[in-house]
Amino acid sequence: MEQVVNKSLLSFMCEESDNAIAVYNPVNEKIIGYVPSLSSADIYERIAKSKAAQVLWQQKTAAERSAVLKRWYDLMIENADDLAYIMTVEQGKPLAEAKGEVTYGAGFVQWFAEEGKRTYGDTIPTPAGNKRLMTIKQPVGVTASITPWNFPIAMLTRKAAPALAAGCSCLVKPANQTPLSAYAVAELAYQAGLPEDLLIVINSHSSVMVGEIFCNHEDIKKLSFTGSTEVGRALIKQTADTVKRTSMELGGNAPFIVFDDADVEAAVTGAVASKFRNAGQTCVCANRFYVQDDIYDSFVDKFVAAVSKLTIGNGLEPGIVVGPVIDQKAKGSVMKMVSTAIEQGATIRFGGESLPGNFVQPTVLTGVTKQMSIVQQEIFGPVAPIIRFKDEQDLIEQANDTIYGLASYFYTQNINRAFRIAEQLEYGMVGLNEGIISTEVAPFGGVKQSGFGREGAKQGIEEYMNTKYICLGGM
Ligand code: SIN
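Residues numbered from 1 in each chain as written. Predicted model: local features only at pLDDT ≥ 70, side-chain atom pairs only at ≥ 80, totals over all residues. Heavy atoms only, no water.

As recorded by an unreviewed UniProt entry, the protein carries the name NAD-dependent succinate-semialdehyde dehydrogenase and is attributed to Vibrio paucivorans. Database annotation for the protein, UniProt heading Sequence similarities (unreviewed entry): "Belongs to the aldehyde dehydrogenase family." (UniProt positions renumbered as here; feature names shortened; annotations may be inferred.)

J.: Can you help me understand the overall build of the protein in this one?
T.: Broken down by element type, the protein carries 14 helices and 18 strands. Over its C-alpha trace the protein gives a radius of gyration of 23 Å, about what one expects of a compact globule, namely 23 Å for 475 residues. Taken across its 475 residues, the protein has 57% of its residues classed as buried. Look at the contacts in the protein between residues 6 or more apart in sequence, and 73% of them connect residues 24 or more apart. Distance from the positive charge centre (43 side chains) to the negative charge centre (52 side chains) of the protein: 6 Å. (Helix = DSSP H or I, 4+ residues; strand = E, 2+ residues; numbered from the N terminus. Rg over C-alpha atoms; globule rule 2.2 N^0.38 Å. Buried < 20%, exposed > 50% of the residue type's maximum accessible area, 1.4 Å probe, protein only. Contact = heavy atoms within 4.5 Å. Lys, Arg positive; Asp, Glu negative; His and termini not counted. Charge placed at Lys NZ, Arg CZ, Asp CG, Glu CD.)

J.: Please explain the packing of aromatic side chains as it appears in this structure.
T.: Think of a pair of aromatic rings as described by two things: how far the centres are apart, and how the planes are tilted against each other in angle. Applying the stated criterion across every chain, the model contains 11 aromatic pairs. Pairing Phe289 with Phe303 gives two aromatic rings, centres 5.3 Å apart and planes at 40 degrees, and the pair type is tilted. Highlighted residues: Phe289 in strand E11 (residues 286-292) and Phe303 in helix H10 (residues 296-308), separated in sequence by 14 residues. Following the ring pairs from residue to residue traces out a cluster consisting of Phe256, Phe276, Phe289, Phe299, Phe303, Tyr409 and Tyr411. Between the NZ or CZ atom of Arg158 and the centre of the ring of Phe444, over which it lies, the distance is 3.9 Å. (Phe/Tyr/Trp six-rings, centres within 6.5 Å; stacked < 30°, edge-to-face > 60°. Lys NZ or Arg CZ within 6 Å of the ring centre and 35° of its normal.)

J.: Sorry if this is basic, but what is going on with the nonpolar core here?
T.: Nonpolar side chains tend toward joint burial in soluble globular proteins. Among the nonpolar cores identified, the biggest contains 62 residues, and Met1, Trp72, Met76, Leu83 and Leu199 are the most heavily contacted of them. Tallying contributions element by element places helix H5 (residues 154-166) first for this core, with nine residues. Once you skip the residues sitting within four places of it in the chain, Trp72 turns out to touch Val109, Leu156, Thr157, Ala160, Leu164, Val185, Leu188, Ala189, Ala192 and Leu199. Within the second largest apolar cluster, 34 residues are counted, among which are Ala262, Val268, Phe289 and Tyr296. (Core = buried A, V, L, I, M, F, W, Y, C linked by side-chain atoms within 4.5 Å.)

J.: Is there a simple way to explain the state of the cysteines in this structure?
T.: Disulfides are covalent bonds that link the sulfur atoms of two cysteine residues. Across all of its chains, the model carries zero disulfides by this definition. We note that Cys168 lacks a disulfide partner, and the nearest cysteine sulfur, in Cys170, lies 8.4 Å from it. Looking at Cys285, it has no disulfide partner, and the nearest cysteine sulfur is the one in Cys283, 8.6 Å off. (Disulfide = S-S within 2.5 Å.)

J.: Would you take a moment to explain the site of the ligand for this structure?
T.: Near the ligand lie 13 residues; those nearest to it are Tyr104, Arg158, Arg277, Cys283 and Ser438. Here Arg277 contributes a side-chain N or O atom positioned 2.9 Å from an oxygen atom of the ligand. The protein chains hide 100% of the 260 Å² of surface that the ligand would expose on its own. The class makeup of the residues in the shell around the ligand is six nonpolar, four polar and three charged. (Near = heavy atom within 4 Å. Polar contact = N/O pair within 3.5 Å; in protein donor to acceptor, adjacent residues only side chain to side chain. Areas by Shrake-Rupley, 256 points an atom, 1.4 Å probe, with all protein chains shown as cover. Nonpolar A, V, L, I, M, F, W, Y, C, P; charged D, E, K, R; others polar.)

J.: I'm lost on the pattern of salt bridges in this one. Help?
T.: Opposite charge on two side chains allows them to pair when their charged atoms are near. This structure, assessed with the given rule, holds 22 salt bridges. Residue Glu114 pairs with Lys117 through a salt bridge whose shortest N-O separation is 3.3 Å. Judged by its relative accessible area of 25%, Glu114 is partly exposed. Between Glu462 and Lys137 there is a salt bridge, with the nearest N and O atoms lying 3.2 Å from each other. One end of the pair, Glu462, is in helix H14 (residues 459-462); the other, Lys137, is in strand E4 (residues 132-139), and 325 residues separate them in sequence. Residue Glu462 is classed as partly exposed on the basis of its relative accessible area of 34%. (Salt bridge = Lys/Arg side-chain N within 4 Å of Asp/Glu carboxyl O.)

J.: Could you clarify how one ought to interpret the UniProt feature "active site" (unreviewed entry) in the protein in this entry?
T.: The sites that carry the UniProt feature "active site" (unreviewed entry) are, in the present numbering, Glu249. If you trace the backbone, Glu249 turns up in strand E9 (residues 245-249). Non-local contacts of Glu249, meaning those with residues more than four positions away in its chain, are made with Met155, Arg158, Phe225, Thr226, Gly227, Cys283, Leu406, Phe444, Ser450 and Glu455.

J.: I keep staring at the packing of helix H12 (residues 392-400) against helix H13 (residues 415-424) and nothing clicks. Help me out?
T.: A pair of packed helices is captured by two measures, namely the crossing angle of their axes and the spacing between those axes. Running from amino to carboxyl end, H12 crosses H13 at an angle of 30 degrees, the nearest separation of the two axes being 11 Å. Relative to H13, the element H12 is oriented roughly parallel. Our pair here, H12 against H13, has a crossing hand that is right-handed. Listed contacts from H13 to Glu392, Gln393, Ile396 and Asn400 of H12 are Arg417, Arg420, Ile421 and Gln424. (Axes fitted to C-alpha atoms, helices over the stretch in contact; angles between N-to-C directions. Parallel < 35°, antiparallel > 145°, perpendicular 65-115°, else oblique. Left-handed = near helix turned anticlockwise from the far one by under 90°.)

And the structure:
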């Protein structure tokens, strides 16, 4: 962490002890720091503080809350280089990409600083002359978020910024692999004037224990989770006893479809961007490629040529485009999917090597069929399986044949086909002639077992507000 200029961003770090969680650099598995591991008693104490702080925060005007969020945004941008460095060292994504995530993450803070001022209620035309009907929006109260290691800053701000803008408080549990970025970004919120009890970062050796407390505590009124469908299912079950409001941004299995009338060059650019962003470790990464018969060879040749140019290595070094995967477990899972696909009949067209450490060579598999297990699993690594298709209707059935429904992508120059396909894809998000769709101004979220709720956009703040109906009688 020697390169961080603003040392106050690291003031949360602690010494090695039984009550400390070690954080590793995925490039070399060296320990880069420790953060405190909290006990259940510590967490209960913080929930009580969060509750007390929230009562005062909701009494502020939206403009007062907005001013704090705007200062937080400014500080994130001013400290973008330090935040990006911290992220690259603990998460592995290349520095330029990490800086992109800082800007993306700060974008949520800026966006919700504004949206907090627009949480309008309604007046409703009355059905009775002596009554007047209206609604107001109110903060849900204390909220909890569980955020993943693949976007350590953007997933935090995507949840905390709307919560705070709405007048809620927020307890955040970042992944134990990447807590440093979360603490650093919270530190900037405090420097911006946010009372510390409104945004509390929690880590523990037992993530399960934190999840159980978040789900079962009566004072936590809302849980937002980004992570796997498997964990999401368990959290949904656990929140049933307190009938807690939840939003779930879960796994994906994005189809990336290239029709024979597509601009092949544009499709290749989009495919590389979508597949290899964050070494293939995003929920919205292209997971399986469908390429129509007539342009199959042309697309595959150009795609392989582009993939072969991707530089892989330590993201702190200039020019690196693909960093390591997060740890050995992740690497083992990706390599196993590749070897199973080969056993089932796929061919390695490029890559496939297990490189030293946590690196996986960008890999292109051809001869993939719908029966292969790699088509039904979320790969979460830099591996692109390609399936050849002929018929549009068969393609739609294959693309929708999954429990997931987060992102999908397709390339065509035909306007009729564009609308037809966009409407038929059973996904929360569709990229048409575009491989990168995430932005704070559009609603991010899935259907089917990819979850529910929307983050970002005007919808994002609704997740943190209750609608209250007020009926005025005797008018
Ligand atoms: C995710 O992978 O969960 C988020 C990806 C994004 O925001 O683009």
